[in-house]
Amino acid sequence: MSRRSSIVIEHLRQEQMEALLKVGKRLDGRGLTDYRELKIETGLIKKAEGSALVSLGNTQVIAGVKIEVDKPFPDMPDKGLLICNAEVLPLASAYAEPGPPDEAAIELARVVDRGIRESEMIDLSKLVIKENEKVYAVFIDVSILNTDGNLFDATSYAVVSALLTTKIPKYEIINNELIKTNEFINMPINTIPISVTMAKINNSIVVDPTNEEEMCMDARVTMTVDEANRVCAVQKGERGTLSIEQIKEIINLAIYKSVDIREKIKGVVYGKEKEQ
Amino acid sequence: MSRRSSIVIEHLRQEQMEALLKVGKRLDGRGLTDYRELKIETGLIKKAEGSALVSLGNTQVIAGVKIEVDKPFPDMPDKGLLICNAEVLPLASAYAEPGPPDEAAIELARVVDRGIRESEMIDLSKLVIKENEKVYAVFIDVSILNTDGNLFDATSYAVVSALLTTKIPKYEIINNELIKTNEFINMPINTIPISVTMAKINNSIVVDPTNEEEMCMDARVTMTVDEANRVCAVQKGERGTLSIEQIKEIINLAIYKSVDIREKIKGVVYGKEKEQ
Amino acid sequence: MSRRSSIVIEHLRQEQMEALLKVGKRLDGRGLTDYRELKIETGLIKKAEGSALVSLGNTQVIAGVKIEVDKPFPDMPDKGLLICNAEVLPLASAYAEPGPPDEAAIELARVVDRGIRESEMIDLSKLVIKENEKVYAVFIDVSILNTDGNLFDATSYAVVSALLTTKIPKYEIINNELIKTNEFINMPINTIPISVTMAKINNSIVVDPTNEEEMCMDARVTMTVDEANRVCAVQKGERGTLSIEQIKEIINLAIYKSVDIREKIKGVVYGKEKEQ
Amino acid sequence: MGKLIQNGIRIDGRKFDELRPVKIEVGVLKNADGSAYIEFGNNKIVVAVYGPKEVHPKHMEMPDKATLRCRYHMSPFSVEERKNPAPSRREIEISKVTREALEPALILEDYPRTAIDIYVEVLQSDGGSRCAGITAAAVALADAGIGMRDMVCACAAGKVDDTIVLDISDVEDKEGQADMPVAYLPNLKQISLMQLDGKLTAEEYEECLNFALKGCLQVYEIQKETLQKRYFSEVSKSE
Amino acid sequence: MGKLIQNGIRIDGRKFDELRPVKIEVGVLKNADGSAYIEFGNNKIVVAVYGPKEVHPKHMEMPDKATLRCRYHMSPFSVEERKNPAPSRREIEISKVTREALEPALILEDYPRTAIDIYVEVLQSDGGSRCAGITAAAVALADAGIGMRDMVCACAAGKVDDTIVLDISDVEDKEGQADMPVAYLPNLKQISLMQLDGKLTAEEYEECLNFALKGCLQVYEIQKETLQKRYFSEVSKSE
Amino acid sequence: MGKLIQNGIRIDGRKFDELRPVKIEVGVLKNADGSAYIEFGNNKIVVAVYGPKEVHPKHMEMPDKATLRCRYHMSPFSVEERKNPAPSRREIEISKVTREALEPALILEDYPRTAIDIYVEVLQSDGGSRCAGITAAAVALADAGIGMRDMVCACAAGKVDDTIVLDISDVEDKEGQADMPVAYLPNLKQISLMQLDGKLTAEEYEECLNFALKGCLQVYEIQKETLQKRYFSEVSKSE
């Protein structure tokens, strides 16, 4: 259903938001460091080697993993390839336009990619069919279906969940010919990186901002944390700034929040696997 | 010379057209199921392996066929390739713009391609040099030179005539090397598909609509008919609708008209060939 | 610092320019056939195999040469490749826009390329690693940093200087494998072509026009002259015309001016080389 | 090549005139003015409708009615081989015929100088994705409250192993002899989409069209049920 | 390499100062405001002129004269190897020099705030297609009734086997030593296009230019004949 | 893999907390409203600022402040393998973070309805080019006379051979363990750019950030010297 509001009402909402933040509350009733409800469904797309539909509140994204066989990069002859794209589909909001990814969608894809890559979530050295010649190429495409803030985390969780449930069709080289076998191998996983996005609004730090909150935020920081509680990728965005004290606060918050979310994802992914 | 008319005059013409259609007549004096004069000239472009310039009334198009050698598609290792493109050149009308093909030009090329492909006009299995490795790729490019309605049929007749007169330079693989011989082979032809385009204007069905008629039509149907009088490709276009009875009428009309046009094309193409 | 002037002042400048030209003088004090100061610095970009930063008055351009190994063109199996591009960077003037090269930048790159190619400056037959299989590809990219007229000559001098100082990393094919050695070979040079650009303003011919002069010029002619005083490439541009007499004047002027400029370039390039 | 029909049963177990399972949900996207999700065999498609809204660019505005725009798009992971996300020629053609299939059902004259945008996103593709997309789009348009003269329901029929069958699947499309997608305005009894790939005699053509129309009517029943459940049985739950 | 000249005769049988056969037709396209078709050797080129007309986009409009635009384009089948239909860098450069070769002959001041579009479509390409295109475009501009100060005629000359020759063909261009396309305003005696690929001494340059101008004048005669036949001898037949 | 640190000395001879040589020049481009050239290690970067100026396209105009735009671009010859001149996804992301790093220092409210364009051109690239570009851009903005709340200085720190070090070079970036570019407003003590590639514990993170901020302050001193020399010691020479 259509949601249209006048600028006057928007300004009233904003004042209300700021007043609430001062007393540690948010418009939707959450505490400053509470996430919205996270729902994950994997395996929806049978034609993809892995897939996950994620809702974070009203933000909804779907990630699909396709596996192809390709040549490795000349300077990485013993590594598989990882390619991550994201598109904010025009159906996702009244403000999204069809066309190639804009600046914001490119940043989104690159930050999510960085979290996967820098955490070394996937052991790319195990994705080699024949060194220097044939490796697996992991294409991760994310379609944003509905936007209501925090695309970074929703996209990251969808990508991580899709990768965790990906089955790679096994190829072999026999007599110099590439043969697709009937076997599948699991995606080789080292760690589960968790993205935690925080917004600074009027000097308050909140996690998992909604669209309304993002409209008012000064700065955004996304930190990706691995299972050893190390920060592996960070992106500060928007035109606001942060003090050193705020950054220290944010690091600890990211590490703290990542633990619960990782457990949630593991529950869904491995729980589901047992069911099958 | 420039042809400019005011909206008032256009409306008067439209009223006149509608009045005439009610009594089975058309603005240019044709009956509802009459085609305009069809002129075909083949072999105009010596640098192309086949070519045809077609006029259908004032609509004028030129098709050229170029033959290249390429790899087959992995899922069709024993078939040659067929690629059909059409461009409405900016010289064709005051409303055509330079740039990549728009929606209408893409539909045009795809519908003409469908007629050739689904009728199996060309025996693609004979366009193989070496299975899985080298096949002939048939590039058909159509340049629309002047538009006055019914681009679908004019384009299709140009493509069919160009293909019927195409001589393929013969290639051979000798000692694993691709060699271009001095011989030529005829395009392997199974059937001659004929496109028949009909327009519904105020519940009358006419064939071969002019530009003026297309401005007023509710719906357009293009049916391609093979030599066994089978319908092989259909495209309904525009925002109007058709009743079941109208569709029955249209099928029979398409089959009926296709016979004459096929004879006409054969006359030009094979007549000309004997001359040479 | 910002340079902004009103249209009134521009018209006054233009009148002054035209008055001066009638008495053989120019706004910046030069005679009609004088070049502005030419400064050349080579080797600035260590990551490029050759580079040169050129100032011609306030026009400033930088050229970089990158060497890659590629397949030769099928119809030139015994020749290396030469690819020349130019981009007027948006930082070069208030009127330059980001985006793919426009008509003017494409003409610029093609005319500079033509001078290099048609003079046979580089002996492309010496850039072959293995005939029909592997040749050196010479990529010349020019970034225009500041525009103040006569981009053609400034770009050409930068390209020529960069090529003259290029060291090609030597590749060899050993056991069917391409190996990069630690050796370097000099760019094989046949001649040093010199571009001379002349503008016709109100029937006066001037060399090396500034931006102000180009705004008023009727026609522009660029002639590239080799060491044997032969004209190897010509491009007339802009909407004005030339008489036969003016063309004769221009040929001799181009040949005459080319000698000094060639000496200047040789001095910088070979002088510098001896220093090293 | 294995036969596609054996003992009167198709390769996926269906009878000649049997539809694949169809499931439609309405209102699945929060931001859209109307939306629907359809599973039609293995097709999984989500559709959003935005509008009536301001027209950008302005020159597309029409003084007497709404501008209808449609984008049919496949997600890169929706098919066997990863698809480049840029729109292909096939997607551009399907966008056009989808728009033309829906337009006759819409009362665009009620919304002059506005735009109505329909976005069809194929998350998983199977045979007949254009018909499934049109079917879902019609439901999403109803959900958006756009004035309609009639519903639009769509279904393909075709020819497989010399037999006319309803609702061609992926395998039947690739290995079969003809595929005819049809969209139908069931109350006005008008056909708004008709295409054909493959060879049919005039008699086969009529039989195939009749099959397709019967399929359309079955699809129409599911559309009606879906909307009914959404707007009437759940009236108490709605906000 | 076979020699291109033997016993004073060129490889296609022509003398040094002989033009290839040239044929021009006017008014070949119904929709265009002016049009022409030229066969110049094996070049086959059609040109349309549209205008004076409204300018889109508006910011290209000029208050004191018409905006002249030109597109030189080759059909994909016009050359040995199929050409991608997207404009190449070569086509963009030729579009520019074609426009600049024609502009001095046009009285653009008579049509302020309008656009004049010239479309040159090369259906079959041979050596000298830009000169052939300019020649046909000038005739099409006359056919469109655009005010002109002079005709524009164009022809190349060049150097082949150390000999200056007129009207370079495809083979002579590829295997020869120099190619100089020239466009000329014959009554104003002004040169509006001049390019050179290849090496010439100052003396050879002048000789080559003189050859080219003689060729231009021959082309001019054919242009005049064509227009005369169209506008005067056939006056009774015209509509 | 050779070790990157031996006996407390880095592979290029630097100490852990030592910056590469940095040199800045102001006013290097004649046409720009402000410009700067920086050598930061082997980075060679030129920056131009144009504005405040009219906004095109008009719809980007803001009624209450200037529109800040930024383009970070690498010349094709600036890197080991020739770079395609079209903007890559990496360049688009860096353009965005560069703009966001500079914006908090600018008093954009003083220039409503105008645009300020920043063009960062990397002529030669080394590790830390985004920090070098931001540093030079801040100087070019000052040169253009744009009102600023504070300078912006930028520097990266990182982790190499398990050691936190300042100002990561190309080799250290590729072979090292972490790279953290930071931009800093030195008087307001605010961080406007912060990114991380690589793994750091919370403690290492703080240490690394402290290193980076110390580097920023060193860069700030060089920025101040450069501007001082330009605007005060050379006051007699300026035009």
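Residues numbered from 1 in each chain as written. Chains lettered and ligands numbered in written order. Predicted model: local features only at pLDDT ≥ 70, side-chain atom pairs only at ≥ 80, totals over all residues. Heavy atoms only, no water.

### Some words on the overall build of chain A
- Counting its secondary structure elements, chain A contains 5 helices and 12 strands.
- Taking 19 Å as the expected radius of gyration for a compact globule of 276 residues, we find that chain A reaches 20 Å, a close match to that expectation.
- Over its C-alpha atoms, taken along the principal directions, chain A stretches across nearly 70 × 40 × 40 Å.
- In chain A, which comprises 276 residues, the proportion classed as buried is 55%.
- Intrachain contacts of chain A at a sequence separation of at least 6 include 67% that bridge at least 24 residues.
- Summed over its atoms, the accessible surface of chain A is roughly 12,000 Å², and 48% of this surface lies on carbon and sulfur atoms.
- If the 35 positive side-chain charges of chain A are averaged to one point and the 43 negative ones to another, these points end up 2 Å apart. (Helix = DSSP H or I, 4+ residues; strand = E, 2+ residues; numbered from the N terminus. Rg over C-alpha atoms; globule rule 2.2 N^0.38 Å. Buried < 20%, exposed > 50% of the residue type's maximum accessible area, 1.4 Å probe, protein only. Contact = heavy atoms within 4.5 Å. Areas by Shrake-Rupley, 256 points an atom, 1.4 Å probe, with all protein chains shown as cover. Lys, Arg positive; Asp, Glu negative; His and termini not counted. Charge placed at Lys NZ, Arg CZ, Asp CG, Glu CD.)

### Focus: the sheet that holds strand β9 (residues 163-166) of chain F
- Reading across from one edge, β10(A)-β9(A)-β11(A)-β12(A)-β11(F)-β10(F)-β8(F)-β9(F) is the order of the 8 strands in this open sheet, with antiparallel pairing throughout. If you trace the sheet from one side to the other, it starts and ends with β10 (204-207) of chain A together with β9 of chain F, each paired once. Taking the axes of each pair of neighbouring strands and ignoring which way they run, one obtains an average angle of 20 degrees across the sheet.
- Across 6 bridges, the pairing between strand β11 (residues 219-225) of chain A and strand β12 (residues 231-237) of chain A is antiparallel. Residue pairing in the sheet places Arg220 of chain A in a bridge with Gly237 of chain A of β12 of chain A.
- Each of β11 and β12 of chain A together with β8 (153-160), β9, β10 (178-185) and β11 (190-200) of chain F touches helix α4 (residues 202-233) of chain F; the most contacted strand, β8 of chain F, lies at about 145 degrees to it. (Pairing = 2+ DSSP bridges. Axes fitted to C-alpha atoms, helices over the stretch in contact; angles between N-to-C directions.)

### With respect to the pattern of salt bridges
- Within the structure shown, the criterion is met by 142 salt bridges over all chains.
- A salt bridge links Asp113 of chain B to Arg117 of chain B; its shortest N-O distance comes to 2.8 Å. With Asp113 of chain B and Arg117 of chain B both in helix α2 (residues 103-118) and 4 residues apart, the pair spans about one turn of that helix.
- Judged by its relative accessible area of 13%, Asp113 of chain B is buried.
- Given a relative accessible area of 35%, Arg117 of chain B falls into the partly exposed group.
- The closest approach of N and O atoms between Asp167 of chain F and Arg20 of chain F, which form a salt bridge, is 2.7 Å. (Salt bridge = Lys/Arg side-chain N within 4 Å of Asp/Glu carboxyl O.)

### Description of the side chain of Thr67 of chain D
Residue and element names in this part refer to chain D.
- Residue placement: Thr67 occurs in strand β6 (residues 67-74).
- Within the structure, the side chain of Thr67 is placed 2.9 Å from the backbone oxygen of Met60, a separation counted as a polar contact.
- In this structure, Thr67 is in contact with Met60, Glu61, Met62, Thr114, Ala115 and Ile116, ignoring residues within four places of it in sequence. (Polar contact = N/O pair within 3.5 Å; in protein donor to acceptor, adjacent residues only side chain to side chain.)

### Let's talk about the packing of helix α2 (residues 103-118) of chain A against helix α1 (residues 89-102) of chain F
- Closest axis-to-axis distance for the α2 of chain A/α1 of chain F pair is 9 Å, and the angle between their directions is 105 degrees. Here α2 of chain A lies roughly perpendicular to α1 of chain F, going by the angle between them. For the pair α2 of chain A and α1 of chain F, the contacting residues are Glu103, Ile106, Glu107, Ala109, Arg110 and Arg114 of chain A in the first and Arg89, Arg90, Ile92, Glu93, Lys96, Val97 and Arg99 of chain F in the second. (Parallel < 35°, antiparallel > 145°, perpendicular 65-115°, else oblique.)

### A closer look at the sheet that holds strand β6 (residues 67-74) of chain F
All names here are of chain F.
- Spatially, 5 strands are ordered β3-β4-β5-β7-β6 in an open sheet, and the strand pairing comes out mixed. The sheet is open, and its two edges are formed by β3 (22-26) and β6, each paired on a single side. Taken pair by pair, the neighbouring strands of this sheet meet at an average axis angle of 15 degrees, ignoring direction.
- Where β3 and strand β4 (residues 34-40) come together, 5 bridges link them in antiparallel fashion. Following the sheet pairing, Lys23 is matched in β4 by Glu39.
- Together, β3 and β4 form the strand contacts of α4, whose direction differs from that of β3 by roughly 35 degrees.

### Some points on the interface of chain A and chain D
- Taken residue by residue, the interface counts 31 residues in chain A and 32 residues in chain D.
- Interface area, chain A with chain D, both sides summed: about 2,800 Å², of which 52% is carbon and sulfur.
- The interface formed by chain A and chain D includes 3 salt bridges.
- In this structure, Asp170 of chain D and Lys47 of chain A form a salt bridge, with 2.9 Å as the shortest nitrogen-oxygen distance.
- Linking chain A with chain D are 15 residue pairs in polar contact (both at pLDDT 80 or more).
- Of all the secondary-structure elements, those providing two or more residues to the side of chain A that touches chain D are β3 (59-70), β4 (81-88) and β6 (134-146) of chain A.
- Of all the elements, β3 of chain A adds the most residues to the side of chain A that touches chain D, at 6 residues.
- Residues of the side of chain A that touches chain D, tallied by class, amount to 14 nonpolar, 9 polar and 8 charged. (Buried area = accessible area lost by both parts, 1.4 Å probe. Nonpolar A, V, L, I, M, F, W, Y, C, P; charged D, E, K, R; others polar.)

### Let's talk about the interface of chain A and chain F
- Residue-level contacts link 34 residues of chain A with 30 residues of chain F.
- Around 3,000 Å² of area is buried between chain A and chain F when both sides are counted, 54% of it from carbon and sulfur atoms.
- In terms of surface lost to chain F, no three residues of chain A exceed Glu103, Lys236 and Arg239 of chain A, which account for 20% of the buried area on that side.
- Counting every contact that joins chain A to chain F gives 8 salt bridges.
- Arg114 of chain A serves as the salt-bridge partner of Asp197 of chain F, at 3.5 Å between the closest nitrogen and oxygen.
- The interface formed by chain A and chain F holds 20 residue pairs in polar contact (both at pLDDT 80 or more) in total.
- Contributions of two or more residues to the side of chain A that touches chain F are made by β4, α2, β11, β12 and α5 (244-275) of chain A.
- The residue makeup of the side of chain A that touches chain F, split by class, is 14 nonpolar, 7 polar and 13 charged.
- In this structure, β12 of chain A lies alongside β11 of chain F, joined through 4 bridges in antiparallel fashion. Bridge assignment links Val234 of chain A to a residue of β11 of chain F, and that residue is Leu196 of chain F.

### Describing the packing of aromatic side chains
- According to the stated counting rule, one finds 6 aromatic pairs over all chains in the structure shown.
- Note that Lys214 of chain D overlies the ring of Phe211 of chain D, its terminal NZ or CZ placed 5.8 Å from the centroid. (Phe/Tyr/Trp six-rings, centres within 6.5 Å; stacked < 30°, edge-to-face > 60°. Lys NZ or Arg CZ within 6 Å of the ring centre and 35° of its normal.)

### Observations concerning the packing of helix α1 (residues 89-102) of chain E against helix α2 (residues 129-143) of chain E
All names here are of chain E.
- Closest axis-to-axis distance for the α1/α2 pair is 10 Å, and the angle between their directions is 45 degrees. One element, α1, and the other, α2, form an angle in the oblique class. Our pair here, α1 against α2, has a crossing hand that is right-handed. Residues Arg90, Ile94, Thr98, Ala101 and Leu102 of α1 lie in contact with α2, whose contacting residues are Ser129, Arg130, Ile134, Ala137, Ala138 and Leu141.
- When its residues are assigned to classes, the contact of α1 with α2 shows 7 nonpolar, 2 polar and 2 charged. (Left-handed = near helix turned anticlockwise from the far one by under 90°.)

### With respect to the pairing of strand β8 (residues 177-186) of chain C
Residues and elements named next belong to chain C.
- Counting buried residues along β8, only 1 of its 10 residues qualify, which leaves the element largely exposed.
- For strand β7 (residues 167-174) and β8, the ladder comprises 7 bridges, and the chain directions are antiparallel. Across the sheet, residue Ile173 finds its bridge partner in β8, namely Leu178.
- Connecting the antiparallel pair β7 and β8 is a turn made up of 2 residues, with Asn175 showing a positive phi of about 50 degrees.

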